[in-house]
Amino acid sequence: MKVLHVDRNHPLIIEQFNALGFENDEDYTNTKEEIEEKIEAYDGLIIRSRFTIDASFLDKAKNLKFIGRLGAGLENIDTRYAKSLGIFLAAAPEGNRNAVSEHALGMLLSLFNNLNKADAEVRNGKWDREGNRGVELEGKVVGIIGYGNMGKAFAKKLKGFDVDEVICYDIEGGVEDENARQVGIMELHQRTDVLSLHVPQTASTISMINTEFLNKFHKNIWIINTARGKCIKTADLVGALKSGKVLGAGLDVLEYEKSSFENMFTGDGLPEAFEYLTKANNVLLSPHVAGWTVESKIKLAQTVVDKVKSKFC
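Quick summary incoming for the structure in this document. (Residues numbered from 1 in each chain as written. Predicted model: local features only at pLDDT ≥ 70, side-chain atom pairs only at ≥ 80, totals over all residues. Heavy atoms only, no water.)

**A short note on the overall build of the chain**
Then, in step 1: A tally of regular secondary structure across the chain gives twelve helices and twelve strands.
Then, in step 2: Taken over the C-alpha trace, the chain has a radius of gyration of 21 Å; the compact-globule value for 313 residues is 20 Å, and the two agree within 12%.
Then, in step 3: Reported as C-alpha extents along the three principal axes, the dimensions of the chain are approximately 65 × 45 × 35 Å.
Then, in step 4: Taking all 313 residues of the chain together, the buried fraction comes to 49%.
Then, in step 5: Considering only contacts within the chain whose residues lie at least 6 apart along the sequence, 61% involve residues at least 24 apart.
Then, in step 6: Side chains of the chain give 39 positive and 45 negative charges; the mean places of these two sets differ by 2 Å. (Helix = DSSP H or I, 4+ residues; strand = E, 2+ residues; numbered from the N terminus. Rg over C-alpha atoms; globule rule 2.2 N^0.38 Å. Buried < 20%, exposed > 50% of the residue type's maximum accessible area, 1.4 Å probe, protein only. Contact = heavy atoms within 4.5 Å. Lys, Arg positive; Asp, Glu negative; His and termini not counted. Charge placed at Lys NZ, Arg CZ, Asp CG, Glu CD.)

**Observations regarding the sheet that holds strand β9 (residues 194–197)**
Whenever strands of a sheet pair, they do so through backbone hydrogen bonds, lying parallel or antiparallel.
Then, in step 1: Taken in spatial order, the seven strands of this open sheet run β8-β7-β6-β9-β10-β11-β12, and their pairing is parallel. In the strand order of this sheet, the two ends are held by β8 (181–182) and β12 (283–285), each with one partner.
Then, in step 2: Pairing of strand β7 (residues 165–169) with β8, which is carried by two bridges, proceeds in the parallel orientation. When the bridges of β8 are listed, I167 appears paired with R181. (Pairing = 2+ DSSP bridges.)

**Notes on the nonpolar core**
Then, in step 1: In terms of nonpolar packing, the biggest core is built from 32 residues, with I145, L195, I209 and I223 touching the most fellow members.
Then, in step 2: Counting only elements with at least two residues in this core, the list comes to β6 (141–145), β9, α9 (211–214), β10 (221–225), α10 (234–243), β11 (246–251) and α11 (272–279).
Then, in step 3: The leading source of residues in this core is α10, at four residues.
Then, in step 4: Among residues more than four places away in sequence, those in contact with I145 are Y169, L188, L195, S196, L197, H198, V199, M208, I209 and F213.
Then, in step 5: In terms of nonpolar packing, the next biggest core, distinct from the first, is built from 22 residues, I144, A155, V194 and W222 among them. (Core = buried A, V, L, I, M, F, W, Y, C linked by side-chain atoms within 4.5 Å.)

**Comments concerning the packing of helix α5 (residues 93–112) against helix α7 (residues 149–157)**
Then, in step 1: Where α5 contacts α7, the axes come no closer than 8 Å and their chain directions differ by 50°. Classed by the angle they form, the pair α5 and α7 counts as oblique. Judged by the twist between their axes, the crossing of α5 over α7 is right-handed. Along the contact surface, α5 presents P93, E94, N96, R97, N98, V100, S101, E102, A104, L105 and L108, while α7 presents N149, M150, A153, F154 and K157.
Then, in step 2: Grouping the amino acids of the contact of α5 with α7 by side-chain chemistry returns eight nonpolar, four polar and four charged. (Axes fitted to C-alpha atoms, helices over the stretch in contact; angles between N-to-C directions. Parallel < 35°, antiparallel > 145°, perpendicular 65-115°, else oblique. Left-handed = near helix turned anticlockwise from the far one by under 90°. Nonpolar A, V, L, I, M, F, W, Y, C, P; charged D, E, K, R; others polar.)

**Describing the packing of aromatic side chains**
Then, in step 1: The final tally for this structure, using the stated rule, is eight aromatic pairs.
Then, in step 2: Ring centres 5.0 Å apart and planes at 45° place the aromatic pair F17 and F22 in the tilted group. Each member of the pair F17 and F22 is classed as buried.
Then, in step 3: Aromatic pair F88 and F312: ring centres 5.9 Å apart, planes at 80°, arrangement edge-to-face. With a gap of 224 residues between them, F88 in strand β5 (residues 88–90) and F312 in helix α12 (residues 294–312) connect regions that are remote in the sequence.
Then, in step 4: By the ring-pair criterion, three or more aromatic residues cluster together here, those being F17, F22, F66, F88 and F312.
Then, in step 5: Positioned above the aromatic ring of Y42, the side-chain terminus of K2 is 5.0 Å from the ring centre. (Phe/Tyr/Trp six-rings, centres within 6.5 Å; stacked < 30°, edge-to-face > 60°. Lys NZ or Arg CZ within 6 Å of the ring centre and 35° of its normal.)

If you want it as structure tokens, here you go:
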């Protein structure tokens, strides 16, 4: 196997591929077009999110046997076409599911206890105990949309918090386990206090959280999004924050991210909706790092190695 690595990852992936007898080349700077010119020579490709693997790219990769993506999703790959060509796809949601679930829980607890607001105030000499009175997870109903690797890991983390119940909604049936009960969309809207998103980016999930969807909740809710930024229509979220329909939001991902997830904005100025988020005390933001821990960097690489090894060795 001759493998091309186009994103930097933990060195164990190259070390272990070397041990399997694979030949490894690294190219972290050339453009997609330049890589297309030589991809025919490779059996394997290792990528995170540097560029999109579309049909045109795949047509040039005439000998490609596998693509390893060190991340949870495959939305930057034309998966249908790749599979039609017999290319094995190895994503690694198992590698960062714990990191994502811990981050989601940390965001939720911080929002409930006004930690970002209180910290900023104390640093500026303001001592406001009553204004930073928190709320508790105990007794709340947590609704999870998307009950795969990430959703299941988050539900597991909630076991020790005496929540009233964890419920999950998924387009696939039979996904519930001992940590969450699967429900229909109507019950999700009726009972949820906290909504956490754990879905891939697809045509059906883009802008799925919009004004119409939010207004169907019977309660005012909290939202955590560690999935994909485009799943939430930001302007509609801002409207719900202003009205009080959404009590607070923890956003590790944003609608405005580039497809590579490495940068956010192009051009001058910031979107008006984003400016509101940056100034809101009941909004917590992080730069798409929920799955980005010291440990997950190792786990992601190991997961891809294990899947490739299982398939080809």
